[in-house]
Amino acid sequence: MGTIITHTETLGAIRATKPRTGSADVTRSFTALSRVVRESGLLNRARWFYAGLVTALLLALGGVITGFILLGDSWFQLLMAGALGLILTQFAFLAHEASHRQVLESGPANDRVGRILAAGVVGISYSWWMTKHTRHHANPNKIGKDPDIEWDTISFTEADAAKQKGLLAAITRKQGYLFFPLLTLEGLNLHGRSIATLLERRPVKGRWIELSLIAVHFIVYFGALFWVLPLGMAFAFIGVQMAVFGVYMGASFAPNHKGMALIPEDSKLDFFSKQVLTSRNISGGLWASTLLGGLNYQVEHHLFPNMPRPHLAKAREIVREHCATMGVPYTETTLVQSYGIVIRYLNEVGLAARDPFDCPMVNQFRRA
């Protein structure tokens, strides 16, 4: 088994303990942990919570639409654009939960809700997201397996960073500092990748349903903007909304795994260790859960992906105690600290893209 790659300066607060048992014992203990979680009712559906959440989001969306109509030709519309970006991200969180069967009892019913929310409301492909996210959950932070650490402008491994040339190499060398500015383009990237996937020749489940929903989404969206607003203001609205959506999405998902242990492609870990060692929780309780759509309980979400959002806080107490007993490091930090960890980690990785003719000793004298 290969050695897990860690970034000791960027892991955040973890328990400094050593495993006391073998892999077989960890697996058996996880079976016992799962039984405790199940018997505690933490895997039961939370219908009233999600009914209330959907109602709140629809009211918020209705408020933005009302504000948009009342403001008319006004640059205050950019406030509506920012609010719409936040609300669409919250709908994306809900679609993510539906994809994990957290919302409804039936799998097909969750898929229908998730597809409508993702494609019809947010404008991204549910099938593309499901395929990508399922691969991530199966092998978080595993090199060659997890699509979330594959190169996409940002390099998450030194091997990818070393391959970059020219402008991309320059970006990679400072990618930690550029990470959040680049997220302003992530909304466009998500929409573009979704449509490109749906137009591929390979089989895609629900292709025509999603293409139809996305088409309706953008026809209504662009139609309303260019009907009500002057051309320049309409494009400004789109730019602000897309930027807010991209930053909010990226800033919510980035703290979960970036800067945590990387698992070499040839390594094999038991399910429990693999999920816990590569995941990071964000402290803050209810406010963090509301802001991040439950993604702040990343450890528990990866161990029990179909657990409804309101039950994750209770599961956290059980899982933390179990990790302490088993000697498995459990990582949790604040949101601000997690961003610092992500930036430092990306900058460290980016050093692999350094110009081969760049002499560190000369640079040291230049700075002196």
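Everything discussed here concerns the structure shown above.
Notes on the structure follow.

Reading guide: rules and limits
- Residues numbered from 1 in each chain as written.
- Predicted model: local features only at pLDDT ≥ 70, side-chain atom pairs only at ≥ 80, totals over all residues.
- Heavy atoms only, no water.
- Helix = DSSP H or I, 4+ residues; strand = E, 2+ residues; numbered from the N terminus.
- Buried < 20%, exposed > 50% of the residue type's maximum accessible area, 1.4 Å probe, protein only.
- Contact = heavy atoms within 4.5 Å.
- Areas by Shrake-Rupley, 256 points an atom, 1.4 Å probe, with all protein chains shown as cover.
- Axes fitted to C-alpha atoms, helices over the stretch in contact; angles between N-to-C directions.
- Parallel < 35°, antiparallel > 145°, perpendicular 65-115°, else oblique.
- Left-handed = near helix turned anticlockwise from the far one by under 90°.
- Nonpolar A, V, L, I, M, F, W, Y, C, P; charged D, E, K, R; others polar.
- Salt bridge = Lys/Arg side-chain N within 4 Å of Asp/Glu carboxyl O.
- Expected span 1.5 Å × (residues − 1).
- Phe/Tyr/Trp six-rings, centres within 6.5 Å; stacked < 30°, edge-to-face > 60°.
- Lys NZ or Arg CZ within 6 Å of the ring centre and 35° of its normal.
- Core = buried A, V, L, I, M, F, W, Y, C linked by side-chain atoms within 4.5 Å.
- Patch = residues over 30% accessible without salt bridge, like charges linked within 9 Å, V, L, I, M, F, W, Y side chains within 5 Å.

**Remarks on the overall build of the protein chain**
So, point 1. The helix and strand inventory of the protein chain stands at 17 helices and two strands.
So, point 2. Taking all 368 residues of the protein chain together, 50% fall into the buried category.
So, point 3. Long-range pairs, those at least 24 residues apart, make up 73% of the contacts in the protein chain between residues at least 6 apart in sequence.
So, point 4. Of the accessible surface of the protein chain, which amounts to about 17,900 Å², a share of 65% is contributed by carbon and sulfur atoms.

**Re the packing of helix H2 (residues 47–71) against helix H3 (residues 77–99)**
So, point 1. Two elements in contact, H2 and H3, have axes separated by 10 Å at closest approach and are oriented at 160 degrees. Taken together, the axes of H2 and H3 lie roughly antiparallel to each other. Where H2 crosses over H3, the two elements pack in a sense that is left-handed. From H2, Tyr50, Leu53, Val54, Leu57, Leu58, Ala60, Leu61, Val64, Gly67, Phe68 and Leu71 reach across to H3, where they touch Gln77, Met80, Ala83, Leu84, Ile87, Gln90, Phe91, Leu94 and Glu97.
So, point 2. For the contact of H2 with H3, the residue count by class is 16 nonpolar, three polar and one charged.

**Focus: the pattern of salt bridges**
So, point 1. Across all of its chains, the model carries eleven salt bridges by this definition.
So, point 2. Arg47 is the salt-bridge partner of Glu105, the closest N and O atoms lying 3.2 Å from each other. On the criterion of sequence distance, the pair formed by Glu105 in the loop between H3 and helix H4 (107–122) and Arg47 in helix H2 is long-range, its members being 58 residues apart.
So, point 3. Note on Glu105: relative accessible area 56%, which makes it exposed.
So, point 4. Its relative accessible area of 55% is what places Arg47 among the exposed residues.

**Some words on the environment of Ser252**
So, point 1. Position of Ser252 among the secondary structure elements: in helix H11 (residues 231–253).
So, point 2. It is 9.6 Å that separates the C-alpha atoms of Ser252 and Phe93, two residues lying 159 residues apart in sequence.
So, point 3. The residues touching Ser252, leaving out its near neighbours within four places in the chain, are Phe93, Leu292 and Leu295.

**Details of helix H10 (residues 207–228)**
So, point 1. Along its 22 residues, H10 runs 32 Å from first to last C-alpha, staying within 8% of the 32 Å computed at 1.5 Å per residue.
So, point 2. The inward-facing, buried residues of H10 abut H2, H3, H4, helix H5 (126–138), helix H9 (186–198) and H11.

**Comments concerning the packing of aromatic side chains**
The relation between two aromatic rings is expressed through the spacing of the ring centres and the mutual angle of the planes.
So, point 1. In total, this model carries 14 aromatic pairs according to the counting rule given.
So, point 2. With centroids separated by 5.6 Å and ring planes inclined at 70 degrees, the aromatic side chains of Trp129 and Phe253 adopt a geometry described as edge-to-face. Of this pair, Trp129 sits in helix H5 while Phe253 sits in helix H11, and the two are 124 residues apart along the sequence. Residues Trp129 and Phe253 agree in their burial class; the two are buried.
So, point 3. Geometrically, the ring pair formed by Phe222 and Phe226 is tilted, given 6.4 Å between the ring centres and 45 degrees between the ring planes. Here Phe226 and Phe222 lie together in helix H10, a separation of four residues that amounts to about one turn.
So, point 4. By the ring-pair criterion, three or more aromatic residues cluster together here, those being Phe218, Tyr221, Phe222, Phe226 and Phe235.
So, point 5. One Lys or Arg, Lys258, reaches over the ring of Phe156 and ends 5.0 Å from the middle of that ring.

**Section: the nonpolar core**
So, point 1. Of all hydrophobic cores here, the largest spans 51 residues; its most connected members are Leu84, Phe91, Leu94, Tyr221, Leu225, Leu229 and Phe237.
So, point 2. Broken down by secondary-structure element, the contributors of at least two residues to this core are H2, H3, H4, H5, H9, H10, H11 and helix H16 (335–350).
So, point 3. A per-element tally of this core places H3 first, with eleven residues.
So, point 4. Not counting residues up to four positions away in its chain, the partners in contact with Leu225 are Phe68, Ala234, Phe237 and Ile238.

**Describing a nonpolar patch on the surface**
So, point 1. Residues Phe222, Phe226, Leu231 and Phe235 make up a contiguous nonpolar surface patch of roughly 380 Å² in combined accessible area.
So, point 2. Those elements giving two or more residues to the nonpolar patch turn out to be H10 and H11.

**Here we look at the side chain of Asn347**
So, point 1. By the secondary structure assignment, Asn347 is in helix H16.
So, point 2. Accessibility expressed as a relative area gives 13% for Asn347, which makes it buried.
So, point 3. Residues contacting Asn347, with those up to four places away along its chain left out, are Arg173, Lys174, Gln175, Gly176 and Tyr177.

**Some details on the environment of Ala224**
So, point 1. Position of Ala224 relative to the elements: it lies in helix H10.
So, point 2. Looking at Ala224, the relative accessible area reads 33%, which means it is partly exposed.
So, point 3. Sequence separation between Ala224 and Ile65 is 159 residues, and the spatial gap between their C-alpha atoms is 10.0 Å.

**Quick word on the side chain of Asp160**
So, point 1. Inspection of the secondary structure assignment puts Asp160 in helix H6 (residues 158–163).
So, point 2. Residue classification places Asp160 among the buried positions, given a relative accessible area of 16%.
So, point 3. Setting aside its immediate chain neighbours within four residues, Asp160 contacts Ile149, Trp151 and Ser155.

**Some words on H16**
So, point 1. Between its first and last C-alpha, H16 extends 23 Å over 16 residues, near the 22 Å set by a 1.5 Å rise per residue.
So, point 2. All buried positions along H16 are accounted for by Leu335, Ser338, Tyr339, Ile341, Val342, Tyr345, Leu346, Asn347, Val349 and Gly350.

**Overview of unusual backbone geometry**
So, point 1. One non-glycine residue, Arg101, adopts positive backbone phi at about 65 degrees.
So, point 2. Residue Thr153 is not a glycine yet carries a positive backbone phi of 70 degrees.
So, point 3. Looking at the secondary structure, you find Thr153 in the loop between H5 and H6.
So, point 4. Given a relative accessible area of 29%, Thr153 falls into the partly exposed group.

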